[in-house]
Amino acid sequence: MAGVRGKKVLLGITGGVAAYKSAVLTRLLVKSGAEVQVVMTAAAAEFITPTTLQALSGRLVRQSLFDPAHEAAMGHIELARWADLILVAPATADFLARMAAGMADDLLATLCLATSVPIAVAPAMNQGMWSNPATEDNLRRLATRGVLVWGPDSGLQACGEQGPGRLLEPERLHQLVNDFFVGGDLAGVRVVLTAGPTREPIDPVRYLTNRSSGKMGFALAAAFANRGADVVLVTGPVALATPNGVERVDVETAREMDEAVMGALAGCSIFVGCAAVADYRPAVAAGQKIKKLEEHRTLELVRNPDILARVAAQPSPPFTVGFAAETQSVAEYAEQKRRAKGVDIIAANLVAGEEGGFERDQNALTVLWEGGMRELPLADKGQLARELVTLIVNEYGKRYPTEDPR
Ligand code: CTP
C-alpha cells in the first residue's frame, strides 16, 4: 500500500458497535507508513477505549473541543488543516445527520466543518436507519458537497438483522485510502454493472438464452476499475476473465441477476445495465427432462423483472445507464426507451448490418441523455468502453458537481 506512506490521516471514530474495526484499520494504516491521528466522539468511547487507539496510532487520541492541554499542542483548526484526508469510520446515522446539517457540537463535527481537506465517511448502522429517507437525504447532501461515501456492506448485522449498513472491513477501507492517494479519479465511487446473457431454464438440460458475449460489459467494468472505481460486475454465463480489481458475481437467470443487483446497490453511485437480460422466461421449468411425446408443444413464457427500470425507480437511485439494441430509427427508439425506463443515459447500437453489436469485438454507439447526444464511432470494445466511461463520468459530474473534491 505504497500510496499511504507518509500520508496524514485523521481517523474520526463515532459511536457504533463497528468501532472495534477502526482499531485494525489504524494498525494497517500505521504499518503501511501513514501518520494517524484518531479523534473520537463521546459515544465512540463507549465502544472502544482511547487507550487502545493511542497505543496503535502512537499519538494522543483527541476527544474534546474544550481540552486546554490538547488545544495548546495542536488547536482544532490546526488539526483540521493537518490532515491529507479525514476518514470517519464508522460514521453513524447521527454523525452523518450532524455533518449534513453543518453542526459543530463536538470536536469531530467541528473539524469536518472547518476543514478544506477531502472527507470520506464509512457509514455503519442498522439497515432500517440506513434505508430511512432522512439518512438517504443526508448522504445525498454530503455527496453533493464532495464527501466520499465508502460502503456500507450488506449482510448480517450486530443487531441480528440482515441488510445494508455494515461497516466495510478494515482491509477494504485501507485499500480505499490507498486508492484515494494513488489518485484514480473515481476512487471511492461504487459502480455496479450487469453483463452477458441470462439463461432461463426450460428443464434441467435446456434453456432460453441469447447471443450476448459479455464483452462490452466486461470492457466497461475494466475501464471503471482502471479509474479507481469500486466495481461490482454481475454477469450471466460468459467465457471471459474477470478484469483486475473487479468484484464479480456470477448468476444464470434474470431473477438471480435482479437479486444480485438489488443486493449490491447500497452506496452505489453509478449503475450500468449492459446485460442482455431475457425479457421472458418459461412459466414453469420442468423438474425432469421433457420427453418428445407430442407432435406440437407450446412453451408458455412470462415476463422477467426489468432490472434497469427497477434500479432507476429506487427511492434514491444511482446515476443509471442502459443499453438499447435497435434495428432501425436508433436515436428515436432509444430516447423513447430512456424516458420509459427513467434512466439518465442510454447507449444505443444498431444490431442490423455490419456495424458490430452482439458477439463482435467492435461496436459503435449513439449515446443519449436529457438534452444531449453523442455518436461514438466504430471502435474496439475496450476503446469504446473508455470513451463511454468518460462520457458517463462527465454527465454524472454535472449532476453531482462537487462529488470529486480533488
Ligand atoms: N434490461 C434489464 N432487465 C430486463 C431487460 C432489459 O435490465 N429484463 C436492460 C438491459 O441491460 C439494457 C436495457 O435494459 O440496458 C435494454 O432494454 P430493453 O427494453 O430490453 O431493450 P431492447 O433489448 O433493445 O428491447 P426491445 O426488445 O424492447 O426493443
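Since we're looking at a predicted model, the values are computed, not measured. (Residues numbered from 1 in each chain as written. Predicted model: local features only at pLDDT ≥ 70, side-chain atom pairs only at ≥ 80, totals over all residues. Heavy atoms only, no water.)

K.L.:
For this particular structure, what's the right way to read the side chain of arginine 338?
P.N.:
Tracing the chain through its elements places arginine 338 in helix α13 (residues 330–341). Classification of arginine 338 as buried rests on a relative accessible area of 4%. Separated by 3.0 Å, the side chains of arginine 338 and glutamate 335 make a polar contact. If we ignore the near neighbours within four places in the chain, the residues touching arginine 338 are Val343, Asp344, Ile345, Ile346, Leu368, Trp369 and Glu370. (Helix = DSSP H or I, 4+ residues; strand = E, 2+ residues; numbered from the N terminus. Buried < 20%, exposed > 50% of the residue type's maximum accessible area, 1.4 Å probe, protein only. Polar contact = N/O pair within 3.5 Å; in protein donor to acceptor, adjacent residues only side chain to side chain. Contact = heavy atoms within 4.5 Å.)

K.L.:
How do you make sense of the pattern of salt bridges when you look at a structure like this?
P.N.:
Should the charged atoms of two oppositely charged side chains come close, the side chains can pair. All told, the structure shown has 18 salt bridges when counted by the stated rule. In this structure, the salt-bridge partner of glutamate 35 is arginine 59, at a minimum N-O distance of 2.9 Å. Placement of the pair is glutamate 35 in strand β2 (residues 35–40) and arginine 59 in the loop between α2 (50–57) and α3 (68–73), with a sequence separation of 24 residues. On the basis of relative accessible area, glutamate 35 is assigned to the partly exposed category, the value being 33%. For arginine 59, a relative accessible area of 24% gives the class partly exposed. Across the salt bridge formed by glutamate 294 and arginine 297, the nearest N and O atoms sit 2.8 Å from each other. Sharing partners across several salt bridges, the network here consists of Asp94, Arg98, Asp105 and Asp106. (Salt bridge = Lys/Arg side-chain N within 4 Å of Asp/Glu carboxyl O.)

K.L.:
Please clarify how the site of the ligand should be interpreted in this entry.
P.N.:
Around the ligand there are 15 residues in total, and Gly273, Ala275, Pro305, Phe323 and Lys337 lie nearest to it. The separation between an oxygen atom of the ligand and a polar main-chain atom of glycine 273 is 2.6 Å. Contact between the ligand and lysine 337: an oxygen atom at 2.6 Å from a side-chain N or O atom of the residue. Across the complex, the protein chains shield 75% of the 580 Å² of accessible surface that the ligand would expose by itself. Broken down by secondary-structure element, the contributors of at least two residues to the shell around the ligand are α12 (307–312), β16 (319–326) and α13. If one sorts the elements of the shell around the ligand by residue count, β16 sits on top with four residues. (Near = heavy atom within 4 Å. Areas by Shrake-Rupley, 256 points an atom, 1.4 Å probe, with all protein chains shown as cover.)

K.L.:
What should I look at first to understand the packing of helix α1 (residues 19–31) against α2 in this one?
P.N.:
A pair of packed helices is characterised by two quantities: the angle between their axes and the separation of those axes. Running from N to C, α1 and α2 point in directions that differ by 15°, and their axes come no closer than 9 Å. Put simply, α1 runs roughly parallel to α2. Here α1 and α2 pass one another in a crossing that is right-handed. Contacts between α1 and α2 involve Ser22, Ala23, Thr26, Arg27 and Val30 from the first element and Thr52, Leu53, Leu56 and Ser57 from the second. Among the residues forming the contact of α1 with α2, the class breakdown is four nonpolar, four polar and one charged. (Axes fitted to C-alpha atoms, helices over the stretch in contact; angles between N-to-C directions. Parallel < 35°, antiparallel > 145°, perpendicular 65-115°, else oblique. Left-handed = near helix turned anticlockwise from the far one by under 90°. Nonpolar A, V, L, I, M, F, W, Y, C, P; charged D, E, K, R; others polar.)

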